[in-house]
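Residues per chain are reported as follows:
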Amino acid sequence: MLIIAATTKCNLRCVMCPHAMGRVHVYQDIAQICMDRLEAPLKLAERVDITGVGEPLLSKTFWSFIKTHKKQPGQYIRLNSNGLLLTEENAPIIANSAASEISISFDASQTTTYKKIRGGNFERAKQGVKALVEARNRVPDSKLDIYINMTLMKENVSELEGLVRIGKELGVDRVVAYQLFSFGDSPVWVVERGDWTFKYSEQMLKHYPEYAAESIRAAVKTSKEIGMRLDLLCKTKEYIENQANCSA
Ligand SMILES: C[S@@+](CC[C@H](N)C(=O)[O-])C[C@H]1O[C@@H](n2cnc3c(N)ncnc32)[C@H](O)[C@@H]1O
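Residues numbered from 1 in each chain as written. Predicted model: local features only at pLDDT ≥ 70, side-chain atom pairs only at ≥ 80, totals over all residues. Heavy atoms only, no water.

Draft legend 1. Looking closely at the site of the ligand. Around the ligand, a shell composed of 19 residues is seen, among which Met 16, Glu 55, Ser 105, Phe 181 and Tyr 200 lie nearest. One of the side-chain N or O atoms of Arg 118 is found 3.0 Å from an oxygen atom in the ligand. Burial of the ligand by the surrounding chains reaches 91%, relative to a free accessible area of 540 Å². If you map the ligand onto the pockets, it falls in the largest pocket. Of all the secondary-structure elements, those providing two or more residues to the shell around the ligand are strand E3 (76–81) and strand E5 (145–152). Looking at the shell around the ligand residue by residue, the classes come out as seven nonpolar, nine polar and three charged. (Near = heavy atom within 4 Å. Polar contact = N/O pair within 3.5 Å; in protein donor to acceptor, adjacent residues only side chain to side chain. Areas by Shrake-Rupley, 256 points an atom, 1.4 Å probe, with all protein chains shown as cover. 1 Å grid on protein atoms, 1.4 Å probe; cavity = no way out; pocket = protein on both sides within 12 Å on 5 of 7 lines; lining within 4 Å. Sits in = over half its atoms within 2 Å of the grid points. Helix = DSSP H or I, 4+ residues; strand = E, 2+ residues; numbered from the N terminus. Nonpolar A, V, L, I, M, F, W, Y, C, P; charged D, E, K, R; others polar.)

Printed below as a string of structure tokens:
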């Protein structure tokens, strides 16, 4: 398995990300020479994850990889993006590439919450995903799995149900929920965003198990009603299965 950080540059400063805390000190794409040297391992890898603390779509090296890499038999390639740079022009490049899966982070179903957590243009992100779904649907027999994700926290967990509805509208394959990693669970992680103060520790779902359970249950119910797959990962399922034992 190869995990490749395509870039540390990002066009967002999401409150729960090390970028928002000024903990990313180097802004650069992975050098083309590094990708060139990975040519042999890239042919052998069963799984390739293009992720990290940056936005891959900002990286020239990423685009060069996605345009040229030929998928190897049995190889699974996963991408992660905020979707803001997806357009009708570049979405077909990803749709026709060797990528197996692309996860697009929304973290909200309301524009105001998206602005608070991610600080970007929610409409633009939704348009980007729509362009990608349309491009994928034009590729015969495409197996590209497109999904939108939410990192659950106090501020957005009640919007998971709305995200399921957005997933249906956009035609993605599934909606995926994770929760905050414990690495930021410290009183010093505080981010001011307009008149909202994000305090990492206070946002962790483990402090609100009943509220989390109620919100996640509502999302599960809606997903069944409207036929939109919802995957509860990173122990988020525990809130509705076993409220007594839910930690990140
Ligand atoms: C750091 S981002 C980079 C990729 C891309 N720019 C994006 O927005 O998805 C990768 C994923 O990590 C998630 N993430 C960021 N900070 C996190 C945290 N403290 N705990 C859990 N997930 C986090 C993001 O929401 C996103 O889904």
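Draft legend 2. Molecular detail of the side chain of Ser 105. Counting through the fold element by element, Ser 105 comes out in strand E4 (residues 101–105). In this structure the side chain of Ser 105 is engaged in a polar contact, spanning 3.1 Å, whose partner is the side chain of Asn 149. The residues touching Ser 105, leaving out its near neighbours within four places in the chain, are Asn 80, Ser 81, Asn 82, Tyr 114, Arg 118 and Asn 149. (Contact = heavy atoms within 4.5 Å.)

Draft legend 3. Layout of the sheet that holds strand E9 (residues 230–232). The sheet built from seven strands is open, its strands ordered E1-E2-E3-E4-E5-E6-E9 with parallel pairing. In the strand order of this sheet, the two ends are held by strand E1 (2–5) and E9, each with one partner. Taken pair by pair, the neighbouring strands of this sheet meet at an average axis angle of 20°, ignoring direction. Lying over the sheet, helix H6 (residues 122–137) contacts E4 and E5, oriented at roughly 155° with respect to E5. (Pairing = 2+ DSSP bridges. Axes fitted to C-alpha atoms, helices over the stretch in contact; angles between N-to-C directions.)

Draft legend 4. Focus on empty space enclosed by the protein. Considering all chains together, one arrives at two cavities of 30 Å³ or more under this definition. What the largest cavity holds in volume is close to 40 Å³. In terms of lining, the largest cavity is formed by Ile 4, Ala 6, Ile 30, Met 35, Ile 50, Ser 59, Thr 61, Phe 62 and Phe 65. Per element, the largest residue contribution to the lining of the largest cavity is three residues, and it comes from helix H3 (residues 60–68). Residue composition of the lining of the largest cavity, by class: seven nonpolar, two polar and no charged. (Points joined across faces, edges and corners; volume = space filled by probe spheres on them.)

Draft legend 5. Looking closely at the layout of surface pockets. As a volume, the largest pocket reaches approximately 830 Å³. Gly 52, Asn 80, Ser 105, Thr 151 and Phe 181 are the residues nearest the centre of the largest pocket, which is lined by 34 residues in total. Residue assignment for the lining of the largest pocket shows that the elements contributing at least two residues are E3, E4, E5 and strand E6 (174–179). Tallied by class, the residues present in the lining of the largest pocket amount to 16 nonpolar, twelve polar and six charged.

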